[in-house]
Each structure stands twice: as structure tokens, then as C-alpha cells.
Amino acid sequence: MSELRSHERPTCEVCQQTGATVVHKYTRSPWPVVACNSCGFVYLGLVPDYEDLSVTYAWEKQHAEEKERRKKNKLARFDALTRFRLKLGKVIDRARHERAVGPEGRVLEIGCGGSTRIPDGPTPYGIEISEGLSQKARPIFEARGGTVYHEPATSGIERFEENFFDAILMRSYLEHEAQPRLILERAFKRLKPGGTILLRSPNYNSANRFIMGSQWCGFRFPDHVNYFTPRSLKALAASIGYEFRWMNWMSLFDDNLIVELKKPVTAFVPGPSARPVEAQVA
Ligand SMILES: [Zn+2]
């Protein structure tokens, strides 16, 4: 493994408190899996720097390495065999995307990889941290009138005006983001009132994690830095002001959480001094 620049995460992204305990059974050196002492949220206490995610540790390389590692593992092979259920999932998934994304408007896909899942109709925009994948995706977005930015999501999203997007897709992205609170706050500003985020992320509370233990498919080091449960994801989203809706209510039996986060038509500034903000016409 090449030398990797990394930094510590001093506070919990969900409750914003300091203090966490190492979960030894899931930690794979040198990446500590920790649980927040206040709210229980599980995350990597040490994360790679964004610069290394651009090339050195890009998703496509990580994915190839992980595949190799799994081939060697018997339990993980069993897990792969039961993945027929995911095929049905794909059909349902496409329907979800079409429902979340309207026939027109502007849609942002964060972590688009080398292509896009934004259905035909709206103008697609993408942000992708891997240099190679962003170059691959760019012509696809440009042919439909949009573009892709090669940047960390937290800075890439600031290129857009407030109330700009009708919908945002975050699929297999938020588990990689060292600053999930910051990106959800910035996304909130850039969504039109009534706009939604369709979000998919590994479900730390899935039955499969209890069965597979440290071999659970949701663990990828140091790729996946957040391990959300239905409760922690809801708490994070609600504290920013989103309305929260489950898309897979049988989430215990699903390795992924699929949720819709909606910016209310009348937005509230969260916190003790909460006050209504003038509703804006979408
Ligand atoms: Zn916490």
C-alpha cells in the first residue's frame, strides 16, 4: 500500500460531539472504526485526504482490490451468491430514479463515476472526485447540456447558485464523504424548495452485517468512512432541515439505506433560534 496522507476526524458528524470508542472487531489497521460516545454513530476515525482520493485511492482502484480480496474469502463468496436479489433491486431502483427526477429542470449527481444515472429529460450536472472517471463521464453530461466537475463534492457544489437544482442524486457517495454534514448543508441551499435528494448508502444495521461481521460488504477501508443506520441518517438529515422519507421500509434486510430527503417548501432555519424563511416559488 502506498504512503497515504490522512487526517483525524475530531467530532461526530451526526451529533457534533467529540469522544469516540474504537470498535476493535471491525478495525482494519491502520483505519480505526469508532463509535461516537454520545450518539453511537459509527465512522472511520481517520480518513484519507481528498487529494489522495483523486488519483492514488480512486474508487475504481479500490473496487478492483476489494473484489480480489473477496474472491479469497469463503463467507464473502456466499454473500455474492445470494446477490440474485439485487437484480430485482435494479428494476425497482430505476423506477425510483425516474420518480425522484422530474421530466425537466436541473439535476445534480454527486459521485457520478464514469457515467450517469440521471434519467433522460432534465439537464444533468455531475461532481466526481476521481480524475479518470470524471473525464469519462464529462462527454455524456455535455451531450445533454450539462457538465461534470472534477473536484471534492464539498467545493464542487459551491459552483452552483442557491435554489438551482430540482433534485440531487447521492448514490454510493455519502459513505465516502468525510464531511457528510457539510455536503448535506450545502446541498440544502442549492435545492429548490420542495426539491429532493435521492440517497443510497450502506445500512450498518442490516441483518447481513450482523451475520457477516467484519466480512460485511459495507466495510471498505479506507473507502467507506461513514456507517449510517436508519436512526443516525435521519438524525443528521433532520438537524439540517430535511424532511425524511424511507424508500425501502424493509431496510433491515437490505445492505443499503435508500431514502428521500426533501427540502420543505417553507424552509426552517434549524437550531434554537428557528424561524420560518419566506417560501420561494420553484
Ligand atoms: Zn455522535
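Rules used throughout
Residues numbered from 1 in each chain as written. Predicted model: local features only at pLDDT ≥ 70, side-chain atom pairs only at ≥ 80, totals over all residues. Heavy atoms only, no water. Helix = DSSP H or I, 4+ residues; strand = E, 2+ residues; numbered from the N terminus. Buried < 20%, exposed > 50% of the residue type's maximum accessible area, 1.4 Å probe, protein only. Areas by Shrake-Rupley, 256 points an atom, 1.4 Å probe, with all protein chains shown as cover. Donors = N, O, S within 2.8 Å, 3.2 Å for Na, K, Ca; no water. Pairing = 2+ DSSP bridges. Axes fitted to C-alpha atoms, helices over the stretch in contact; angles between N-to-C directions. Contact = heavy atoms within 4.5 Å. pLDDT = per-residue confidence, 0-100. Core = buried A, V, L, I, M, F, W, Y, C linked by side-chain atoms within 4.5 Å. Parallel < 35°, antiparallel > 145°, perpendicular 65-115°, else oblique. Left-handed = near helix turned anticlockwise from the far one by under 90°. Nonpolar A, V, L, I, M, F, W, Y, C, P; charged D, E, K, R; others polar. Salt bridge = Lys/Arg side-chain N within 4 Å of Asp/Glu carboxyl O.

### Notes on the overall build of the protein
On a plain count of helices and strands, the protein comes out with nine helices and 13 strands. When burial is assessed residue by residue, the protein has 51% of its 282 residues classed as buried. Summing over all exposed atoms, the protein offers an accessible surface of approximately 14100 Å²; the carbon and sulfur share of this is 54%.

### Concerning the coordination of the zinc ion
The coordination sphere of the zinc ion contains the protein donors Cys-12 (SG), Cys-15 (SG), Cys-36 (SG) and Cys-39 (SG), at a distance range of 2.3 Å. The partly exposed category is assigned to Cys-39, whose relative accessible area is 27%.

### Notes on the sheet that holds strand β10 (residues 191-202)
Reading across the sheet, the seven strands line up as β8-β7-β6-β9-β10-β13-β12 and stay open at both edges, with mixed pairing between neighbours. Each of the sheet's edge strands pairs with one partner strand only, and the pair in question is β8 (147-150) and β12 (243-246). Between one strand and the next, the sheet's axes are offset by a mean angle of 20 degrees, whatever the strand orientation. Packing of helix α9 (residues 230-240) onto the sheet brings it into contact with β10, β12 and β13 (256-262), and relative to β12 it is tilted by some 155 degrees.

### Points about the confidence of the model for the protein
Should the pLDDT be low somewhere, the predicted coordinates at that spot are not to be read in detail. Averaged over every residue, the pLDDT of the protein is 86; residues scoring 70 or more account for 81%. Across the protein, element-level confidence peaks in helix α7 (residues 180-190) with a mean pLDDT of 98 and bottoms out in helix α3 (residues 74-81) with 59.

### Regarding the nonpolar core
In this structure, Met-170, Leu-184, Ile-197 and Tyr-242 are the most contacted members of the largest nonpolar core, which totals 36 residues. Once residues lying within four places of it in the same chain are set aside, the contact partners of Tyr-242 are Leu-184, Ala-187, Phe-188, Leu-191, Ile-197, Ala-237, Leu-261, Lys-262 and Lys-263. Counting residues in each nonpolar core, the second largest holds 18 residues, with Trp-31, Val-42, Ala-178 and Val-225 among its members.

### What to know about the packing of α7 against α9
Across the interface, α7 lies against α9 with an axial gap of 10 Å and an inter-helix angle of 45 degrees. Judged on the interaxial angle alone, α9 and α7 are oblique. Every pair of crossing elements has a handedness; the one defined by α7 and α9 is right-handed. Across from Pro-180, Arg-181, Leu-184, Glu-185 and Phe-188 in α7, the residues of α9 making contact are Leu-236, Ser-239 and Ile-240. Counted by class, the contact of α7 with α9 contains five nonpolar, one polar and two charged residues.

### Remarks on unusual backbone geometry
Residues apart from glycine generally show negative phi values, whereas peptide bonds are mostly found in trans. For the bond running from Ser-29 to Pro-30, omega is 5 degrees, close enough to zero to count as cis. If you trace the backbone, Pro-30 turns up in the loop between β2 (20-22) and β3 (33-36). Phe-221 connects to Pro-222 through a cis peptide bond whose omega is -5 degrees. Positionally, Pro-222 belongs in the loop between α8 (207-212) and β11 (226-227). Positive phi is not limited to glycine here, since Gln-16 has a value of about 65 degrees. On the secondary structure map, Gln-16 appears in the loop between β1 (6-8) and β2. Look at Ser-172: it is not a glycine, yet its phi comes out positive at around 50 degrees. One can find Ser-172 in the loop between β9 (165-171) and α7.

### What about the pattern of salt bridges?
Considering all chains together, one arrives at seven salt bridges under this definition. Of the charged contacts in the structure, one is a salt bridge between Glu-158 and Arg-186, with a shortest N-O distance of 3.5 Å. Taken as a pair, Glu-158 in the loop between α6 (153-156) and β9 and Arg-186 in helix α7 lie far apart in primary sequence, 28 residues in all. Look at Glu-158 and you get partly exposed, because its relative accessible area is 44%. A salt bridge links Glu-260 to Arg-245; the nearest nitrogen and oxygen atoms lie 3.7 Å apart. A residue pair is termed long-range when its members are at least 10 positions apart, and Glu-260 in strand β13 and Arg-245 in strand β12 qualify at 15 residues. The exposure class of Arg-245 is partly exposed, given its relative accessible area of 40%. Where salt bridges share partners, they join Arg-99, Arg-245 and Glu-260 into one cluster.

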